[in-house]
Amino acid sequence: MRGFLERSGLKVEDLDQLNIIHVTGTKGKGSTCAFTERILRNYGLKTGFYSSPHLVQVRERIRINGQPISKELFSKYFWQVYNRLEETKDPGHASMPAYFRFLTIMAFHVFLQEKVDLAVVEVGIGGAYDCTNIIRKPIVCGVSSLGIDHTSILGDTIEKIAWQKGGIFKPGVPAFTVPQPERPLEVLRERARESPCPLYLCPDLDAFEEDDKALQLGLAGEHQRSNATLALQLSRAWLQQQGYQGTGELKPGVELLGKRPVPLAPAFRPSGSMVQGLQDTEWLGRTQVLQHGPVTWFIDGAHTTSSVQACVRWFRQAALNEEKPVDGSEVRVLLFNATGDRDTAALLKLLLPCRFDYAVFCPNITEVSAVGNADQQNFNVTLENMLTRCLESQKKWNRLMEEKVGQDLWLSPPMQVEGVGGLLKPDPLRGSLLFVPSSERPLNSNSLVFPCISHALQWITQGRDPHFQAPATKGLHLHPVAGSGAVLLKEAAAIRVLVTGSLHLVGGVLKLLDQSLSQ
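Quick look at the structure, then. (Residues numbered from 1 in each chain as written. Predicted model: local features only at pLDDT ≥ 70, side-chain atom pairs only at ≥ 80, totals over all residues. Heavy atoms only, no water.)

## Here we look at the overall build of the chain
Along the chain, the regular secondary structure elements total 15 helices and 18 strands. The buried share of the chain, reckoned over its 519 residues, is 56%. Partitioning the contacts of the chain with sequence separation of at least 6, the portion at a separation of at least 24 is 76%. Total accessible area on the chain is roughly 22500 Å²; 51% of this is exposed by carbon and sulfur atoms. (Helix = DSSP H or I, 4+ residues; strand = E, 2+ residues; numbered from the N terminus. Buried < 20%, exposed > 50% of the residue type's maximum accessible area, 1.4 Å probe, protein only. Contact = heavy atoms within 4.5 Å. Areas by Shrake-Rupley, 256 points an atom, 1.4 Å probe, with all protein chains shown as cover.)

## Some words on the sheet that holds strand 8 (residues 199-201)
Judged by pairing direction, the sheet is mixed, and its 8 strands sit side by side in the order 4-3-2-5-1-6-7-8 without closing on themselves. Pairing within the sheet leaves two strands with one partner each, and these edge strands are strand 4 (67-68) and strand 8. Alignment of strand 7 (residues 175-177) against strand 8, held across 3 bridges, turns out to be parallel. What sits directly across from threonine 177, in strand 8, is leucine 201. In the packing of helix 7 (residues 182-194) onto the sheet, the strands contacted are strand 6 (140-143), strand 7 and strand 8, and the crossing angle to strand 8 comes to about 150°. (Pairing = 2+ DSSP bridges. Axes fitted to C-alpha atoms, helices over the stretch in contact; angles between N-to-C directions.)

## Side note on the packing of aromatic side chains
Applying the stated rule across the entire model yields 17 aromatic pairs. Consider the rings of phenylalanine 298 and phenylalanine 315, whose centres lie 5.1 Å apart with planes at 90°: the pair is edge-to-face. Of this pair, phenylalanine 298 sits in strand 12 (residues 295-299) while phenylalanine 315 sits in helix 10 (residues 305-321), and the two are 17 residues apart along the sequence. Of the two residues examined, phenylalanine 298 and phenylalanine 315, each falls in the buried class. Judged by centre distance (6.1 Å) and plane angle (35°), the ring pair of phenylalanine 450 and tryptophan 459 falls under tilted. (Phe/Tyr/Trp six-rings, centres within 6.5 Å; stacked < 30°, edge-to-face > 60°.)

## What to know about the side chain of threonine 104
For threonine 104, the position within the fold is in helix 4 (residues 99-113). Take threonine 104: its relative accessible area is 0%, and that puts it in the buried class. Polar side-chain contacts of threonine 104 include one of 2.8 Å to the backbone oxygen of phenylalanine 100. The residues touching threonine 104, leaving out its near neighbours within four places in the chain, are Met1, Tyr50, Cys131 and Thr132. (Polar contact = N/O pair within 3.5 Å; in protein donor to acceptor, adjacent residues only side chain to side chain.)

## A few points about the layout of surface pockets
Of the voids in this model, the second largest pocket is the one considered here, and its volume is about 560 Å³. Along the walls of the second largest pocket sit 25 residues, with Arg63, Gly66, Gln67, Pro68 and Leu284 positioned nearest its centre. In terms of residue count, helix 2 (residues 29-41) provides more of the lining of the second largest pocket than any other element does, 4 residues in total. Class assignment of the residues belonging to the lining of the second largest pocket gives a composition of 8 nonpolar, 8 polar and 9 charged. (1 Å grid on protein atoms, 1.4 Å probe; cavity = no way out; pocket = protein on both sides within 12 Å on 5 of 7 lines; lining within 4 Å. Points joined across faces, edges and corners; volume = space filled by probe spheres on them. Nonpolar A, V, L, I, M, F, W, Y, C, P; charged D, E, K, R; others polar.)

## Topic: the environment of proline 363
Mapped onto the elements of the fold, proline 363 is located in the loop between strand 14 (358-361) and helix 12 (383-404). In this view, proline 363 contacts Asn337, Leu383, Met386, Leu387, Cys390, Phe450, Pro451, Cys452, Ile453 and Leu505; residues no more than four positions away in its chain are not counted.

## Some details on the nonpolar core
Formed by 35 residues in total, the largest nonpolar core has its most connected members in Trp297, Leu335 and Trp459. Going through the elements one at a time, strand 12, strand 13 (330-336), strand 14, helix 13 (453-461), helix 14 (480-491), strand 18 (494-500) and helix 15 (503-513) are the ones with two or more residues in this core. With 7 residues, helix 15 is the largest single contributor of residues to this core. Ignoring any residue separated from it by four or fewer positions in sequence, one finds tryptophan 459 in contact with Tyr358, Val360, Leu448, Phe450, Ala482, Gly485, Ala486 and Leu489. Residues Val120, Leu215, Leu219 and Ala231 belong to the second largest nonpolar core, which totals 34 residues. (Core = buried A, V, L, I, M, F, W, Y, C linked by side-chain atoms within 4.5 Å.)

## A look at helix 13
Within helix 13, 8 of the 9 residues are buried, leaving the element largely enclosed by the surrounding structure. Listing the buried residues of helix 13 in full gives Ile453, Ser454, His455, Ala456, Leu457, Trp459, Ile460 and Thr461. Count one or two residues on from helix 13 and you reach glutamine 462, which has phi positive near 50°.

## Some thoughts on the pattern of salt bridges
All chains considered together, the criterion is met by 15 salt bridges. The salt bridge partner of glutamate 122 is lysine 29, with a shortest N-O separation of 3.8 Å. One end of the pair, glutamate 122, is in strand 5 (residues 118-122); the other, lysine 29, is in helix 2, and 93 residues separate them in sequence. Taking relative accessible area as the criterion, lysine 29 reaches 12% and is therefore assigned buried. Glutamate 190 is the partner of arginine 193 in a salt bridge, and the nearest nitrogen-oxygen pair spans 2.8 Å. Taken as a pair, arginine 193 and glutamate 190 lie in helix 7 at a separation of 3 residues, close to a single helical turn. (Salt bridge = Lys/Arg side-chain N within 4 Å of Asp/Glu carboxyl O.)

## A short note on the state of the cysteines
Overall, the coordinates contain 0 disulfides when judged by the stated rule. The closest cysteine sulfur to the non-disulfide-bonded cysteine 452 is located on cysteine 362, 7.3 Å from its own sulfur. Look at cysteine 452 and you get buried, because its relative accessible area is 0%. (Disulfide = S-S within 2.5 Å.)

## Some details on unusual backbone geometry
Put simply, serine 52 and proline 53 share a cis peptide bond, and its omega is -5°. Assignment of secondary structure puts proline 53 in the loop between strand 2 (47-50) and strand 3 (62-64). Following serine 195, the chain continues into proline 196 via a peptide bond in cis, with omega recorded as -15°. Relative to the helices and strands, proline 196 is located in the loop between helix 7 and strand 8. Look at asparagine 65: it is not a glycine, yet its phi comes out positive at around 50°. For asparagine 65, the location among the structural elements is in the loop between strand 3 and strand 4. You can call asparagine 65 partly exposed: its relative accessible area is 30%. The backbone of lysine 115 sits at a positive phi, close to 55°, despite the residue not being glycine. For lysine 115, a relative accessible area of 64% translates into the label exposed.

Below, the structure is given as structure tokens:
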């Protein structure tokens, strides 16, 4: 990485000028960065923000003052960096940096030349060996919640993963983390001792709130509270290191507790800029709700067991708060895909309590054709492999449903039969319509696989989402289940759709539901 950086025209010490906040973690690191950036922007600072992955366009990864850089700026810096690397190739080793390394180097160029006051940098994967870890003197470091993910790269235990995350600690640079399981917290403590650097544990967000005034967060979900408290500590530490005033008065009687394995950071009264920053934070694809006529989209890029658990809690609460249709005809649909080395069966099992009427699986591509799909392309996996993964997910879902037969009332035997396809009857417990087939409901009848996101959305919406323009599809052969489900979806008063399992899936869905994101 150092060689590529120098070939592009930068030295490692040049990065010191960026006054970096470096953040890692398994879940919540992107949200933590978004909170932190928004808080510091409220102080009148010009912020840079480097994150991954992007949802719709690659420009989203490099932001200035919260906005993705323009197409013109992206093009300017892309070719500037690319040409310098091309010109400095070693004849014997005509090497160019891989995708993420290139974008990381490009982000550094953007932030330096656009003269940001600070850069919030989210780690890609892990920490110790991540290419963002070329940063040698950040102002402050943060570690969000730890869990199991990217096991083929980071290790198969949470302790190994914690070791990787703690690799971003730098000598003398303060680091903060949120409450963690005992063993990974101990690993982080050892990594801090090796560095050496001070490591502090963030108190719960309750400690920052006054009795009569809860902090309002721009991102929904109980799990965002730990991300917010980490962001408050990172922002305050950065401001103090840079000599800023108005960084929040310490609460009386709250002191650093040295007796803990990791000392507790002090709670303080957040400044007005901090309070407003937390409230104004936006981060697409995370606990996001879109109300499109009768269709409500619940969108969350959860892709680990712990983040899917948090997603389920959020969805059940959010769906509960939605206004119930007068006639009770609500349909719940899961749109899911998982990639990489993730345990799909474990993730799907966590989603069962949501009681979906249909589960839909599709690859993370918006269209079957690659035309206009470049930002969603994954050149490491073939379409055939992606579809095979979807079919495997469908089988695992069906198997889970089979295991649930006899356990849940919502899969009770059919009630009454009328007409060709069957009769729509409300479940008295849920107030939702289920499709009752003319014979006992087939166990596999509630899952479908589509070749792309566009086809999946076309079936789910049935032309009822005013924001989704379904492309003309020729020769789309629908499974009988899709036909029967279409009747249910067309007649339902409300359709609730949870999109989860992959940030790339979420990005493709948002691209189709909100055309402005592609501008």
